[in-house]
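# Structure at a glance
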Amino acid sequence: MSNEFQGIVPAMINPLDEHEEIDEPGLRDLTETLINKGVHGLFALGTNGEFFSLTDDEKVRVASIVKDQAAGRVPVFAGTGGYTTRGVIALNRRMEEVGVDGLSIITPYFNGATQAELITHYERIAEATDLPILLYTIPAKAGVTLTIPSVATLSEIPNIRAIKDSGGDFDRLVQLIRLRRDDFAVFTGTDSMILWTLMAGGDGAVAATTNAVPDVVMTIWNAWQAGDFETAREAQEKLRPLRNAFALGTMPSVLKTAAGLLGMPAGPARSPVQALEPEALEKLKQAIKVYDRVER
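Quantities reported herein were computed from a predicted structural model and do not represent experimental measurements.

Our next topic: the overall build of the protein chain. Helix and strand counts for the protein chain come out as 13 helices and eight strands. Its C-alpha atoms give the protein chain principal-axis dimensions of roughly 45 × 45 × 35 Å. Counting every position in the protein chain, which comprises 296 residues, the buried fraction comes to 55%. Put simply, the protein chain shows about 12300 Å² of open surface, and 49% of that area lies on carbon and sulfur atoms. Distance between charge centres in the protein chain, computed from 28 positive and 39 negative side chains, equals 2 Å.

This is the structure:
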């Protein structure tokens, strides 16, 4: 995966209509726009994709739409993580039928788990599929994470091929990067650390801000690859206003609102998440004045 899947992989939002139902035209539009902007893959059904608010049938539908629209141009990952091992395995089988290129599996959440339980969880999931697996850690939301030794153990399983770490701890990320090999990639899931991850030897980012400001995020990658550190650094800093604005509302209301204001398909978040309060909305509008409307 470090060669086949690297670069910028958007953690896609899930466009919804006014009834909070899946907006298929919007999802196809978002998929097409992101591919046209040069992303290296697509990650549907992550945290910003509101996986926690969708039924398994809806998840399969979202993955099917993204996979169909991508039409083989970039790899498509589907988030299938859940609390029970058997539930994840069952959903993975359905995603195999969809034809996704890989699976992103968040750590079990809410009830916690020991490291031994987490390792067994992932071992059983990996045994039950031939698809490549991206480990996904986001301790602030899941309440648990994989330790560095646990990741090292799991990285030896042939089809566990990468990790997306969204903890925001750069020292931990550097330790993870020490584990990377040609068959095990390390991605940051913290958009404020994209450039620093690349500088440290990481493979790229699973970046949610790409939904709203794809040109800015892609500039970080493209400038870095061209050896233009100054342009890459300027683009990285340009993400700061949007990242700082995330505190204005419940995930993913700020990102979806910003994406919509900047011309990308988004729609509302699913209840109980509500639209931004007027004061928060005004602050967001001020924050994103630094960005150009997305040309599509």
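Read on, since the account is not over.
The subject of this paragraph is the pattern of salt bridges. Between side chains of opposite charge, a pair can form as their charged atoms come close. One pass over the full model with this rule turns up 17 salt bridges. Between Asp165 and Arg172 there is a salt bridge whose closest N-O contact spans 2.8 Å. Residue classification places Arg172 among the buried positions, given a relative accessible area of 12%. Of the charged contacts, one joins Glu230 and Arg233 as a salt bridge, the two residues approaching to 2.6 Å between their closest N and O atoms. In this pair, Glu230 and Arg233 both sit in helix α10 (residues 229-238), three residues apart, roughly one turn of the helix. Three or more residues joined by partner-sharing salt bridges are found here, namely Glu24, Arg28, Arg61 and Asp68.

It is worth spelling out the sheet that holds strand β3 (residues 76-79) at this point. Taken in spatial order, the eight strands line up as β1-β8-β7-β6-β5-β4-β3-β2 in an open sheet, and their pairing is parallel. In the strand order of this sheet, the two ends are held by β1 (7-9) and β2 (42-44), each with one partner. Across the sheet, the mean angle from the axis of one strand to that of its neighbour is 25 degrees, orientation sign disregarded. Sheet analysis places β3 next to strand β4 (residues 102-106), joined by three bridges and oriented parallel. The partner of Gly79 across the bridge, within β4, is Ser104.

Okay, the UniProt feature "active site" (unreviewed entry) in the protein chain next. In the numbering adopted here, UniProt assigns the feature "active site" (unreviewed entry) to Tyr136 and Lys164. The annotated residues occupy 29 residues of the chain but converge on a single region, no pair of C-alpha atoms lying more than 4.9 Å apart. None of the other annotated residues line the second largest cavity; only Tyr136 do. Among the secondary structure elements, Tyr136 is positioned in strand β5 (residues 133-137). For Tyr136, a relative accessible area of 3% gives the class buried. Residue contacts for Tyr136: discarding those within four places in its chain leaves Phe43, Thr47, Ser104, Ile105, Ile106, Thr107, Tyr122, Lys164 and Ser166. In this structure, Lys164 sits in strand β6 (residues 160-165). Judged by its relative accessible area of 4%, Lys164 falls in the buried class.

Taking a probe equal in size to a water molecule and rolling it over the atoms shows the remaining empty space. Put simply, the largest pocket is a space of about 450 Å³. In terms of lining residues, the largest pocket is bounded by 25 residues, among which Asn48, Ile138, Arg243, Phe246 and Met251 are the most central. Of all the elements in the fold, those that place two or more residues in the lining of the largest pocket are α5 (139-142) and α12 (253-261). With three residues, α12 is the single largest residue contributor to the lining of the largest pocket. In terms of residue class, the lining of the largest pocket is made up of twelve nonpolar, nine polar and four charged.

Tallied over the entire structure, the rule returns three aromatic pairs. With centroids separated by 6.1 Å and ring planes inclined at 90 degrees, the aromatic side chains of Phe43 and Tyr136 adopt a geometry described as edge-to-face. Residue Phe43 is found in strand β2, and its partner Tyr136 is found in strand β5; the two are separated by 93 residues along the sequence. The two residues Phe43 and Tyr136 agree in class, both being buried. For the ring pair Phe51 and Phe52, a centre distance of 5.5 Å and an interplane angle of 70 degrees mean the geometry is edge-to-face. Each residue in the set Phe51, Phe52 and Tyr109 is aromatic and connected to the rest through ring pairs, giving one cluster.

What counts as what
Residues numbered from 1 in each chain as written. Predicted model: local features only at pLDDT ≥ 70, side-chain atom pairs only at ≥ 80, totals over all residues. Heavy atoms only, no water. Helix = DSSP H or I, 4+ residues; strand = E, 2+ residues; numbered from the N terminus. Buried < 20%, exposed > 50% of the residue type's maximum accessible area, 1.4 Å probe, protein only. Areas by Shrake-Rupley, 256 points an atom, 1.4 Å probe, with all protein chains shown as cover. Lys, Arg positive; Asp, Glu negative; His and termini not counted. Charge placed at Lys NZ, Arg CZ, Asp CG, Glu CD. Salt bridge = Lys/Arg side-chain N within 4 Å of Asp/Glu carboxyl O. Pairing = 2+ DSSP bridges. Axes fitted to C-alpha atoms, helices over the stretch in contact; angles between N-to-C directions. UniProt positions renumbered as here; feature names shortened; annotations may be inferred. 1 Å grid on protein atoms, 1.4 Å probe; cavity = no way out; pocket = protein on both sides within 12 Å on 5 of 7 lines; lining within 4 Å. Contact = heavy atoms within 4.5 Å. Points joined across faces, edges and corners; volume = space filled by probe spheres on them. Nonpolar A, V, L, I, M, F, W, Y, C, P; charged D, E, K, R; others polar. Phe/Tyr/Trp six-rings, centres within 6.5 Å; stacked < 30°, edge-to-face > 60°.

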